[in-house]
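Commentary on secondary and tertiary structure
Here is what each chain is made of, one letter per residue.
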Amino acid sequence: MANVQANKPQDEIQEIAGGWITERKHTQVPGFLRFSYIIIGVSTVSYLVLQMYGDVGHPDRGSLVEQFNRISETSPGLMYGVAALAAVFFLAVIMFAFGEKEHD
């Protein structure tokens, strides 16, 4: 591996995080990574919305979760706000991943 990097000009290879991450200039984000951004973003936002009241449908502990929600006065507006912030963050990540042509 060191021989491969030795043959490349040093200005093409960039080391980040003290050498833990090595990348070549003018490369694109791989397709599988772009796809994973979409899957992770949709999964996160849907989990936040679907589970914002907890696991109330569970046969054993569902009634306990409902009682806790009544006592703690859960705020659906706050949870929708957190889900909206997560959605905005993931949309920005996706726009960055798909909008960028080359990485310097």
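Residues numbered from 1 in each chain as written. Predicted model: local features only at pLDDT ≥ 70, side-chain atom pairs only at ≥ 80, totals over all residues. Heavy atoms only, no water.

Here the focus is the overall build of the protein. Scanning the protein from N- to C-terminus turns up four helices and two strands. Out of the 104 residues belonging to the protein, those deemed buried represent 12%. Counted over contacts in the protein with a minimum sequence separation of 6, partners at least 24 positions apart contribute 54%. Working note: accessible area of the protein is about 8,100 Å², and carbon and sulfur atoms make up 64% of it. (Helix = DSSP H or I, 4+ residues; strand = E, 2+ residues; numbered from the N terminus. Buried < 20%, exposed > 50% of the residue type's maximum accessible area, 1.4 Å probe, protein only. Contact = heavy atoms within 4.5 Å. Areas by Shrake-Rupley, 256 points an atom, 1.4 Å probe, with all protein chains shown as cover.)

Now for the confidence of the model for the protein. A residue-level look at the protein finds 85% of positions with pLDDT of 70 or above and a mean pLDDT of 81. Element-level pLDDT for the protein is lowest in helix H1 (residues 2–7), with a mean of 53, against a maximum mean of 90 in helix H2 (residues 31–50). (pLDDT = per-residue confidence, 0-100.)

A word on the pairing of strand E1 (residues 13–16). Across four bridges, E1 lies against strand E2 (residues 21–24) in antiparallel orientation. Within E2, the residue paired with Gln14 across the bridge is Glu23. Connecting E1 to the antiparallel partner E2 that follows it, the hairpin turn spans four residues, and Ala17 within it adopts a positive phi of roughly 60 degrees. (Pairing = 2+ DSSP bridges.)

The subject of this paragraph is the packing of aromatic side chains. Summed over the entire model, instances satisfying the criterion amount to one aromatic pair. Here Phe89 and Phe90 contribute two aromatic rings whose centre-to-centre distance is 5.3 Å and whose plane-to-plane angle is 70 degrees, an arrangement assigned as edge-to-face. Among the residues examined, Phe89 registers a relative accessible area of 51% and is labelled exposed. Look at Phe90 and you get buried, because its relative accessible area is 17%. The side chain of Arg34 reaches across the aromatic face of Phe98, ending 5.4 Å from its centre. (Phe/Tyr/Trp six-rings, centres within 6.5 Å; stacked < 30°, edge-to-face > 60°. Lys NZ or Arg CZ within 6 Å of the ring centre and 35° of its normal.)

The next point concerns the packing of H2 against helix H4 (residues 76–99). Running from amino to carboxyl end, H2 crosses H4 at an angle of 175 degrees, the nearest separation of the two axes being 9 Å. Considering their axes alone, H2 and H4 lie roughly antiparallel with respect to each other. Between H2 and H4, the residues in contact are Arg34, Tyr37, Ile38, Ile40, Gly41, Thr44, Val45, Leu48 and Val49 and Met79, Tyr80, Val82, Ala83, Ala86, Ala87, Phe90, Val93, Ile94, Ala97 and Phe98, respectively. Classifying every residue of the contact of H2 with H4 gives 17 nonpolar, two polar and one charged. (Axes fitted to C-alpha atoms, helices over the stretch in contact; angles between N-to-C directions. Parallel < 35°, antiparallel > 145°, perpendicular 65-115°, else oblique. Nonpolar A, V, L, I, M, F, W, Y, C, P; charged D, E, K, R; others polar.)

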